[in-house]
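A look at the structure
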Amino acid sequence: MVRLKRLTAALQSVTGHADAMLVTHLQDVRYLTGFTGSSAALVVPIRSTPTRKAKRKPVLFTDGRYIVQAHQQTKNAGVVIAQGPILREACAWILKEGLEHCAFDAEHTTVATLDSMRQWIPAKQRRSFFQPVPPVVASLREIKDAEEIVLMRKAASLGCSLFEQILLTGIEAGKQEVEIAAELEFAARMAGAEAMSFETIVASGARSAQPHGQATTQRMPQRGFVVLDFGVLLNGYCSDMTRTIHLGHATAAERNAYEAVLAAQMAAVAAVPPGVACEDIDEAARSVLRHAKLTDFFTHSTGHGVGLEIHEGPRIAVRQRQRLEPGMVITIEPGVYLPGRFGVRIEDMVLVTARGSEVLTPVTKAWSEL
């Protein structure tokens, strides 16, 4: 109920004449109601209308596959099992209730979805019926409540234990990258993860210079870096971490690059108290790499929010002036990538607290030669 109240308050400040909001992004539906099905739409009344003084209760629309699940999971909303297209029934309900204008999330609603919504509205009302609004639910989701933080700690902790396990038993010269990924993912599922939160990255040798080098059949080199970037989905929430290890004896250039990335990552983590601008955290990492003459090889942003989805707001990047708030969970992941040679990335999940920050993935980042 608290989340729905926060949404209603936020919508009243960003909508014009809208009486309700039609939520179609599944992760937003889950956040607001608890429903986890793959097909759903949620109508959230914003205000009362002249024909009804009391504000209506939110209503979740889904299909016949989820009759039991919807009634078991959905909180603080009614449930309608649609007999036809979900959007058609949601729009019919809106019209039946006498609502004249409906907001929708312009960022998460495709043109095709908007066309589908409009086709169920009478022609004389169609043009002005749906009103675009910013991603209000996504903004609310940026700040995790106490329940969410507990779940994110568990997801992050599982990720750490998986890294410790694979570090001890799974990485050796001659082994295929896909073997390491498979072992890690199997261990995750056996430990209770619903899935991986994104495609596991295992990039070794020269492939470590590819920031998103998903695992291939390439074999681990006798000598070189191995970048492991992975996350688990546990109780609906994602984890995300990256560690870079080295097989065999490292060269001076490799050591210098690793130490520079580690220093950049630690500087950015130290710059995370509430109230700081996201661009300042990015600069904290970038300035260290600039001093090491490696900034030209840092080719992506420093981090991003994480939660029900692996990429959420805020963005930790250049020219991002949004300020951190307690409850946000972000990643800090600087890296350097020298094409044809090697790459290094180190990533932690960081919780913004009232007084500073807390690293949720504290597993070792010490220099390692296996």
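Structure: see above.
**What to know about the overall build of the chain**
Check the secondary structure of the chain and you find 11 helices and 19 strands. In terms of overall dimensions, the chain has a C-alpha envelope of 75 × 40 × 35 Å along the principal axes. Nonlocal contacts in the chain, meaning residues at least 24 apart in sequence, comprise 67% of its contacts between residues at least 6 apart. For the chain, the exposed area adds up to about 16200 Å²; of that, 54% sits on carbon and sulfur atoms. Across the chain, 40 positive and 38 negative side-chain charges occur, with their mean positions spaced 7 Å apart.

**What to know about the packing of aromatic side chains**
We describe a pair of aromatic rings using the distance from one ring centre to the other and the angle between the two ring planes. Going through the model one piece at a time under the given rule, you end up with 6 aromatic pairs. A ring pair is formed by F225 and F342, whose centres lie 5.4 Å apart and whose planes are at 55°; its orientation type is tilted. With F225 in strand β9 (residues 224–230) and F342 in strand β17 (residues 342–345), the pair connects residues that are 117 residues apart, well separated along the chain. One aromatic cluster in this structure is built from F104, F129 and F130.

**Some details on the pairing of strand β4 (residues 78–81)**
Two elements, strand β3 (residues 59–62) and β4, share 4 bridges in a ladder whose sense is parallel. Paired with T62 across the two strands is I81, which belongs to β4.

**Some points on the sheet that holds strand β8 (residues 201–204)**
Backbone-to-backbone hydrogen bonds join strands into a sheet, with any given pair of strands oriented parallel or antiparallel. Spatial strand order, β8-β9-β12: 3 strands in an open sheet with antiparallel pairing. The sheet is open, and its two borders are formed by β8 and β12 (241–247), each paired with just one other strand. Looking at each pair of strands side by side, their axes are set apart by 15° on average, direction ignored. Packing of helix α8 (residues 146–169) onto the sheet brings it into contact with β9 and β12, and relative to β12 it is tilted by some 10°. Where helix α9 (residues 177–190) meets the sheet, its contacts fall on β8 and β9, and the angle it forms with β8 comes to roughly 150°.

**A few points about the pattern of salt bridges**
Inspection of every chain in the model, using the stated rule, returns 16 salt bridges. The salt bridge involving R3 is made with D145; its shortest N-O contact spans 2.8 Å. With R3 in helix α1 (residues 2–14) and D145 in the loop between α7 (136–141) and α8, this pair connects stretches of sequence that are 142 residues apart. Residues K175 and E183 are paired through a salt bridge, measuring 2.9 Å at the closest nitrogen-oxygen approach. Residue K175 is classed as buried on the basis of its relative accessible area, which comes to 10%. Each of D28, R141, K144, E309 and E312 takes part in salt bridges that share partners, so that together they form one network.

**What about the sheet that holds strand β11 (residues 237–238)?**
Within the open sheet, the 3 strands sit side by side as β7-β10-β11. Their pairing is antiparallel. Strand pairing shows two members of the sheet lacking a second neighbour, β7 (195–196) and β11, which therefore form its edges. With 2 bridges connecting them, strand β10 (residues 232–234) and β11 associate as antiparallel partners. Each residue of the ladder has a partner; that of L234, found in β11, is Y237.

**Quick notes on the nonpolar core**
Counting 37 residues, the largest nonpolar core has L7, L32 and L42 as the members making the most contacts within it. Elements supplying a minimum of two residues to this core: α1, β1 (20–23), α2 (26–33), β2 (41–45), α7, α8, β11 and β18 (348–352). Sequence-distant contacts of L32, defined by excluding residues within four places in its chain, comprise R3, L4, L7, V23, L42, K75 and V137. Judged by nonpolar contacts, the second largest core, of 29 residues, contains L262, A268, M328 and V344.

**Some details on the state of the cysteines**
The final tally for this structure, using the stated rule, is 0 disulfides. The closest cysteine sulfur to the non-disulfide-bonded C238 is located on C160, 15 Å from its own sulfur. The structure places no disulfide on C278, whose sulfur is separated from the nearest cysteine sulfur, that of C238, by 19 Å.

**Quick notes on the environment of L338**
Tracing the backbone through its elements, the reader meets L338 in strand β16 (residues 335–338). By relative accessible area, L338 is classed as buried at 8%. In sequence terms L338 and L233 are 105 residues apart; their C-alpha atoms lie 31 Å from each other. Setting aside its immediate chain neighbours within four residues, L338 contacts A209 and F297.

**With respect to the packing of helix α10 (residues 252–270) against helix α11 (residues 278–291)**
α11 packs onto α10 with a crossing angle of 155° between their chain directions and a minimal axis gap of 8 Å. Between α10 and α11, the crossing angle belongs to the class labelled roughly antiparallel. Where α10 crosses over α11, the handedness of that crossing is right-handed. Across the interface between the two elements, A260, V261, A263, A264, A267 and A268 from α10 touch I281, A284, A285, V288 and L289 from α11. Considered class by class, the residues forming the contact of α10 with α11 number 11 nonpolar, no polar and no charged.

**Some points on unusual backbone geometry**
Glycine aside, the phi torsion of most residues is negative, and most peptide linkages are trans. In this structure, P314 follows G313 across a cis peptide bond, with omega equal to 0°. Mapped onto the fold, P314 is located in strand β14 (residues 312–316). The backbone phi angle of N235 is positive, close to 55°, even though this residue is not glycine. Its place among the elements puts N235 in the loop between β10 and β11. Phi at K293 takes a positive value of approximately 60°, unusual for a residue other than glycine. On the secondary structure map, K293 appears in the loop between α11 and β13 (303–305). By relative accessible area, K293 is classed as exposed at 71%.

Cut-off values and rules
What you see as residue numbers is a count from 1 along each chain, following the sequence as written. For this predicted model, a pLDDT threshold of at least 70 governs which residues receive local features, and a threshold of 80 or more governs which side-chain atom pairs are given and counted, while totals over whole chains, interfaces and linings are taken from all residues. Hydrogens are left out, water is left out, and the side-chain values use all remaining heavy atoms of the structure. Each helix corresponds to a stretch of at least 4 residues labelled H or I by DSSP, and each strand to a stretch of at least 2 residues labelled E; elements are numbered beginning at the N terminus. Throughout, a contact is declared for two residues whenever any of their heavy atoms are within 4.5 Å. Here the accessible surface of atoms and residues is derived via Shrake-Rupley with a 1.4 Å probe, and residues count as covered only by protein chains that are part of the display. Positive charges come from Lys and Arg, negative ones from Asp and Glu, while His and the chain ends are left out of the count. One atom stands in for each charge, and that atom is NZ of Lys, CZ of Arg, CG of Asp or CD of Glu. Within 6.5 Å between ring centres, the rings of Phe, Tyr and Trp (the latter by its six-membered ring) count as paired, and their orientation is classed by plane angle as stacked under 30 degrees, edge-to-face over 60, tilted in between. Pairing between strands is defined by DSSP: at least two bridges between the two strands are required. Under this scheme, a helix contributes an axis fitted over its contacting stretch, all axes are lines through C-alpha atoms, and angles between N-to-C directions fall in the 0 to 180 degree range. Salt bridge, as applied in this entry: a Lys or Arg side-chain nitrogen positioned within 4 Å of an Asp or Glu carboxyl oxygen. Whether a residue is buried, partly exposed or exposed follows from its accessible area with a 1.4 Å probe, protein chains only, as a fraction of its type maximum: under 20%, in between, or over 50%, in that order. By nonpolar core is meant a set of buried Ala, Val, Leu, Ile, Met, Phe, Trp, Tyr and Cys residues that side-chain atoms within 4.5 Å join together. By disulfide we mean two sulfur atoms from cysteines, separated by a distance within 2.5 Å. For this classification, under 35 degrees means roughly parallel, over 145 means roughly antiparallel, 65 to 115 means roughly perpendicular, and everything else is oblique. Working rule for handedness: look at the near helix, and if it is turned counterclockwise from the far one by less than a right angle, call the crossing left-handed; if clockwise, right-handed. Polar here means any residue other than Ala, Val, Leu, Ile, Met, Phe, Trp, Tyr, Cys and Pro, which are nonpolar, and Asp, Glu, Lys and Arg, which are charged; Gly is therefore polar.

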